[in-house]
Amino acid sequence: MSDSSPELAPSNFIRNIIDADIESGKHENVVTRFPPEPNGYLHIGHAKSICLNFGIADDYANAICHLRFDDTNPGKEKSEYIEAIKEDVRWLGFEWNDNLHHTSDYFDQLYVYAVQLIKNDKAYVDSLSAEDIRLYRGNLTEPGKNSPFRDRSVEENIDLLERMKNGEFAEGEHLLRAKIDMAAPNINMRDPAIYRIKHMSHPMTGDKWHIYPMYDFAHCVSDAIEGITHSLCTLEFEDHRPLYDWFLDELNTSAHPQQIEFSRLNLDYTVMSKRKLHELVEGGYVNGWNDPRLPTISGMRRRGYTANAIRDFCSRIGVTKKDNIIEMSVLENSLREDLNENATRALAVLDPIKLIIDNYPDDKEEILAGVNHPKKPEEGTRDIPFSKELYIERSDYMEGASKKFFRLTEGREVRLRFAYYVTCTHVVKDENGEVTEVHCTYDPETKGGKSEDGRKVKGTIHWVSAKHAVTAEVRQYDRLFTVPDPASNKEQDFKSLLNPSSVQVLTNCQMEPSMLQSGTEVRQFERQGYFCQDSVDSTVDALVFNRVVTLRDSWSKK
RNA sequence: UGGGGCGUGGCCAAGCGGUUAAGGCACGGGGUUUUGAUCUCCGCAUCCCAGGUUCGAGUCCUGGCGCCCCAGCCA
């Protein structure tokens with residue numbers, strides 16, 4: 001292993017297999033691959049696979065990981081997705097260097113291999129309808145039966161395949177199938193399809209082909225051509241492994257990669273299948289693939305997640321073959337750990353109410369120093385203006401509050417962060433009984449938020465000078481679904497389980513002036529959470545912030 | 001009811017026959033704190049069930065039970 005990496009990912013059963021293969025001399029150089037189909041955007045589940053595959057390449061000496069687009073179905077794939085996927089992989093911090101491939105790079109070779117199968121009497125052109133093929137396949141408990149076209153001559157098969165390739169037939173008219181065993185208990189082995197006719201233009205090969213190879217045939221061959229040593233995929237392909245091995249054995253390829261399956265990542269209160277994500281995006285239930293509520297890489301990036309947090313998360317959840325649903329708190333913990341360490345602080349009032357300091361001079365203004373990071377003095381301080389009228393959080397005042405409430409209530413003294421101690425005297429209400437102003441007096445001897453007499457002030461609240469405040473919009477996100485596993489009930493439409501308040505927009509947030517100069521980085525709004533400007537909607541004239549994640553809150557739980 | 005997998009605390013996950021069953025998240029409690037944040041300390045399982053092998057089993061055997069995946073010319 002390389003010693004350049006200070007923190008290697010924790011080991012797992014796949015790394016154990018690789019270790020053993022190196023130990024035994026089976027392989028000297030490990031080659032993995034991340035093989036997305038460009039038919040949608042990457043999500044956090046893909047990040048698990050990316051971290052696994054590229055992580056191995058990073059940690060083992062002379063190991064590499066290929067990025068290969070599995071583009072065998074032009075009906076579903078688009079160049080837009082290819083570009084988005086590349087961007088996401090790079091953003092996560094991985095580099096494929098010269099190892100960028102497409103399954104379509106191998107279409108010529110694949111065709112040669114298909115002809116070889118025919119010559120070896122291991123493949124044939126079937127002319128049954130799709131419906132008949134399904135009927136002939138049998139079912140889980142009953143064997144299938146042979147197609148009447150199964151025994152065509154090698155010459156006829158080659159001729160038919162050639163003509164399929166040349167576009168002489170309509171889609172569905174013919175199908176090249178492997179000749180294996182229609183009675184196999186593993187349904188994947190009942191003469192699976194190899195090539196189907198599709199009169200479609202392909203993002204990479206244009207109009208050259210009228211037939212396109214199926215996954216089972218193309219994937220193992222592509223792996224072999226690229227010299228992949230360990231082909232890592234998810235559990236649902238376990239049943240396909242015999243077929244993966246069958247093709248490579250029949251074709252006698254120079255390399256025979258080992259397919260190893262691991263379980264996909266599931267996160268609670270969200271969905272991870274591409275089909276469902278497509279449904280949410282295309283149905284307008286969310287605003288595009290990069291909607292900050294989505295578990296897509298682009299959505300999380302826009303929301304303010306960091307690549308570090310996602311990689312840390314992936315290393316924490318492990319790699320096994322067990323079905324799992326990871327709690328969102330694990331992801332949030334990885335995020336908070338990164339942000340707490342790296343985000344500078346700021347004061348911002350999300351739901352403002354006026355706080356008026358009656359004994360503070362009307363026109364006086366002061367500049368106070370706010371610590372940028374409590375654990376990093378080297379981050380310095382920033383200027384925060386202070387004056388008679390401030391905004392504080394509406395929830396920081398409560399009428400008739402108990403002594404357990406550390407914030408404002410009549411007669412109680414609290415500290416205004418970095419500023420002064422103030423004591424609440426009274427409030428003003430409107431005709432509806434809503435509090436419109438909180439009044440207080442301050443102690444001039446407590447500037448900076450400390451007192452000489454050592455008096456105890458339990459509560460500290462954040463504030464913003466009203467006349468200096470910057471108004472902004474803040475979007476607060478909550479879980480996308482109301483239940484932990486929205487996909488569990490197959491009869492129920494998962495979309496009916498969407499959380500109607502997955503986003504709450506606050507338009508009158510008041511922030512300290514330094515937020516005007518705050519770029520795109522994530523900042524912590526003290527006592528609230530982490531926020532970053534929305535990369536799509538925020539402008540200098542109309543600031544828009546996304547709440548990345550709240551701070552841990554042990555008070556509201558009580 | 002065919003085939004393939006999986007089953008260690010609320011959620012993940014180490015453990016590869018032999019110290020009191022790692023660790024993280026969550027949860028409960030104490031301390032520190034100009035963020036009820038951070039930090040810190042403490043607590044928190046006998047391993048799906050039942051037999052068996054063994055001086056000794058979460059780890060081996062047998063039999064159950066439970067859950068997941070497969071009948072696309074999708075990947």
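None of the values given here were measured: they were computed from a predicted structure.

## Some remarks on the overall build of chain A
- A count of helical and extended segments in chain A gives twelve helices and 25 strands.
- In terms of overall size, chain A is more extended than a compact globule, its C-alpha atoms giving a radius of gyration of 31 Å where 558 residues would be expected to give roughly 24 Å.
- Oriented by its inertia axes, the alpha-carbon framework of chain A measures out at about 100 × 55 × 40 Å.
- Across the 558 residues in chain A, those meeting the buried criterion constitute 53%.
- Nonlocal contacts in chain A, meaning residues at least 24 apart in sequence, comprise 70% of its contacts between residues at least 6 apart.

## Describing the packing of aromatic side chains
- The final tally for this structure, using the stated rule, is 21 aromatic pairs.
- Grouped by ring-pair contacts, the aromatic residues Phe-107, Tyr-111, Tyr-195, Trp-209, Tyr-212, Phe-217, Trp-246 and Phe-247 constitute a single cluster.
- The cationic tip of Lys-276 hangs over the ring face of Phe-494; the distance from NZ or CZ to the ring centre is 5.6 Å.
- Between the NZ or CZ atom of Arg-479 and the centre of the ring of Tyr-269, over which it lies, the distance is 3.6 Å.

## What to know about the sheet that holds strand 7 (residues 211–213)
- Judged by pairing direction, the sheet is antiparallel, and its four strands sit side by side in the order 4-5-6-7 without closing on themselves. The open sheet has two edge strands with one neighbour each: strand 4 (123–126) and strand 7. In this sheet, neighbouring strand axes are inclined to one another by 20° on average, regardless of whether the strands run parallel or antiparallel.
- Sheet analysis places strand 4 next to strand 5 (residues 175–178), joined by four bridges and oriented antiparallel. Opposite Tyr-124, over in strand 5, you have Arg-177 as the bridge partner.

## Focus: the confidence of the model for chain A
- Confidence along chain A averages 96 in pLDDT terms, with 98% of residues attaining 70 or more.
- Scored below 50 in pLDDT, residues 1–6 makes ten contacts in the model with residues more than four places away or belonging to other chains.
- With pTM at 0.96, the complex prediction returns an ipTM value of 0.97.

## Section: helix 2 (residues 44–59)
- With 16 residues, helix 2 should reach 22 Å at 1.5 Å per residue; the first-to-last C-alpha distance of 21 Å fits that figure.
- Burial analysis of helix 2 places 15 of its 16 residues in the buried class, which makes it a mostly covered element.

## Looking at the protein's contact with RNA strand B
- Taken together, 67 residues form the shell around RNA strand B, and within it Arg-345, Lys-375, Arg-417, Gly-448 and Arg-552 come nearest.
- The share of sugar and phosphate among atoms of RNA strand B within 4 Å of the protein is 68%.
- Within the side chain of Lys-375, one N or O atom sits 2.3 Å away from a base oxygen of RNA strand B.
- Considering every element that reaches the surface near RNA strand B, the biggest residue donor is helix 12 (residues 328–342), with four residues.
- Looking at side-chain class alone, the surface near RNA strand B contains 22 nonpolar, 18 polar and 27 charged residues.

## Quick look at helix 3 (residues 79–91)
- Helix length check: helix 3 (13 residues) gives 18 Å between terminal C-alpha atoms against 18 Å at 1.5 Å per residue, within 8%.
- Taken as a whole, helix 3 has its buried residues at Tyr-81, Ile-82, Ala-84, Ile-85, Lys-86, Asp-88 and Val-89.
- In this structure, the buried side of helix 3 is in contact with strand 1 (31–34), helix 2, strand 2 (64–69), strand 3 (100–102), helix 9 (274–282) and helix 10 (297–303).

## Examining the packing of helix 7 (residues 215–226) against helix 8 (residues 241–251)
- Two numbers describe how helix 7 lies on helix 8: the axes approach to 9 Å, and their chain directions differ by 60°. Taken together, the axis directions place helix 7 and helix 8 in an arrangement best described as oblique. Seen from above, helix 7 lies across helix 8 with right-handed handedness. For the pair helix 7 and helix 8, contact is made by Asp-216, Phe-217, His-219, Cys-220, Val-221, Asp-223 and Ala-224 and by Leu-243, Tyr-244, Phe-247, Leu-248 and Leu-251, respectively.
- Of the residues belonging to the contact of helix 7 with helix 8, the class tally is nine nonpolar, one polar and two charged.

## A closer look at the pairing of strand 15 (residues 389–393)
- Taking burial as the measure, the five residues of strand 15 include four buried ones, the bulk of the element.
- In the sheet, strand 15 pairs with strand 20 (residues 463–465) via three bridges, with the strands oriented antiparallel. Its bridge partner lying in strand 20, Ile-392 is registered against Trp-463.

## Quick notes on the sheet that holds strand 15
- Taken in spatial order, the seven strands make up an open sheet running 19-16-17-18-12-15-20, and their pairing is mixed. Looking at strand neighbours, the two that pair on one side only are strand 19 (460–461) and strand 20, the edges of this open sheet.
- Strand direction decides the pairing type here: strand 17 (residues 421–429) and strand 18 (residues 435–443), joined by eight bridges, are antiparallel. Note on strand 18: the bridge partner recorded for Tyr-421 is Asp-443.

## Details of the environment of Asn-99
- Within the element layout of this structure, Asn-99 appears in the loop between helix 3 and strand 3.
- Between the alpha carbons of Asn-99 and Arg-68 there is a distance of 8.0 Å; along the sequence they are 31 residues apart.
- Among all residues touching Asn-99, those that are not within four sequence positions of it are Ile-64, Cys-65, His-66 and Leu-67.

## Regarding unusual backbone geometry
- In this model, Phe-418 sits at a positive phi of 65°, which is unusual for a non-glycine residue.
- Note on placement: Phe-418 falls in the loop between strand 16 (413–416) and strand 17.
- For Phe-418, a relative accessible area of 11% gives the class buried.
- Phi is positive for Arg-527, which is not a glycine, with a value near 70°.
- Looking at the secondary structure, you find Arg-527 in the loop between strand 23 (523–525) and strand 24 (529–533).
- You can call Arg-527 partly exposed: its relative accessible area is 36%.

## Focus on the state of the cysteines
- One pass over the full model with this rule turns up zero disulfides.
- Looking at the unpaired Cys-65, the closest cysteine sulfur is the one in Cys-51, lying at 11 Å.
- Of all cysteine sulfurs, the one in Cys-440 lies closest to Cys-424, which takes part in no disulfide; the gap is 7.2 Å.

## Side note on the pairing of strand 2
- Most of strand 2 is tucked away, with five of its six residues classed as buried.
- The pairing of strand 1 with strand 2 spans four bridges and is parallel. Its bridge partner being in strand 2, Thr-32 is matched across the sheet by Cys-65.
- Assessed by its sense of winding, the connection that carries the chain from strand 1 through helix 2 to strand 2 is right-handed.
- Bridge count between strand 2 and strand 3: three bridges; the pairing is parallel.

About the criteria used
- Here the residue numbering is sequential within each chain, running from 1 through the sequence in written order.
- The order in which chains are written sets their letters, starting at A; the order in which ligands are written sets their numbers, starting at 1.
- The model is predicted, so local features are restricted to residues of pLDDT at least 70 and side-chain atom pairs to those at 80 or more, both for listing and for counting; the totals for chains, interfaces and linings are taken over all residues.
- Calculation of side-chain values draws on the structure's entire complement of heavy atoms; hydrogens and water are dropped beforehand.
- Comment: elements are numbered from the N terminus, with helices defined as DSSP H or I runs of at least four residues and strands as E runs of at least two.
- The quantity called the radius of gyration is restricted to C-alpha atoms. Its globule counterpart is 2.2 Å times the number of residues to the power 0.38.
- Partly exposed residues are those whose accessible area sits between 20% and 50% of the maximum for their type, while under 20% is buried and over 50% is exposed, using a 1.4 Å probe and protein chains only.
- By definition, residues are in contact when any of their heavy atoms lie within 4.5 Å.
- Each pair of aromatic rings taken from Phe, Tyr and Trp, with Trp reduced to its six-membered ring, is defined by centres within 6.5 Å and is described as stacked if the planes are under 30 degrees apart, edge-to-face if over 60, and tilted in the remaining cases.
- A positively charged side chain is recorded as over a ring if its NZ (Lys) or CZ (Arg) lies within 6 Å of the ring centre. The angle to the ring normal must also be within 35 degrees.
- One bridge is not enough; two strands pair if DSSP finds at least two bridges between them.
- Think of each axis as a best-fit line through the C-alpha atoms, taken over the contacting stretch in the case of a helix, with angles from 0 to 180 degrees between the N-to-C directions.
- Along the chain, pLDDT gives the predictor's confidence residue by residue, from 0 to 100.
- One less than the residue count of a helix, multiplied by 1.5 Å, gives the span that helix is expected to have.
- Residues are classed as near a molecule or strand on a simple rule: at least one heavy atom within 4 Å of it.
- Any pair of nitrogen or oxygen atoms within 3.5 Å is treated as a polar contact; in protein, a donor-acceptor pairing is required on top of that, and neighbouring residues in sequence qualify only through side-chain atoms on both sides.
- Basically, the charged four are Asp, Glu, Lys and Arg, the nonpolar ten are Ala, Val, Leu, Ile, Met, Phe, Trp, Tyr, Cys and Pro, and anything else, Gly included, counts as polar.
- What sets the label is the angle itself: under 35 degrees gives roughly parallel, over 145 gives roughly antiparallel, 65 to 115 gives roughly perpendicular, and the rest give oblique.
- Two helices crossing with the near one rotated counterclockwise from the far one by less than a right angle form a left-handed crossing, whereas a clockwise rotation gives a right-handed crossing.
- Sulfur atoms of two cysteines make up a disulfide when they are within 2.5 Å.
- We call a crossover right-handed when, viewed with the strands running away from us, the connection from the first strand over the helix to the second turns clockwise.

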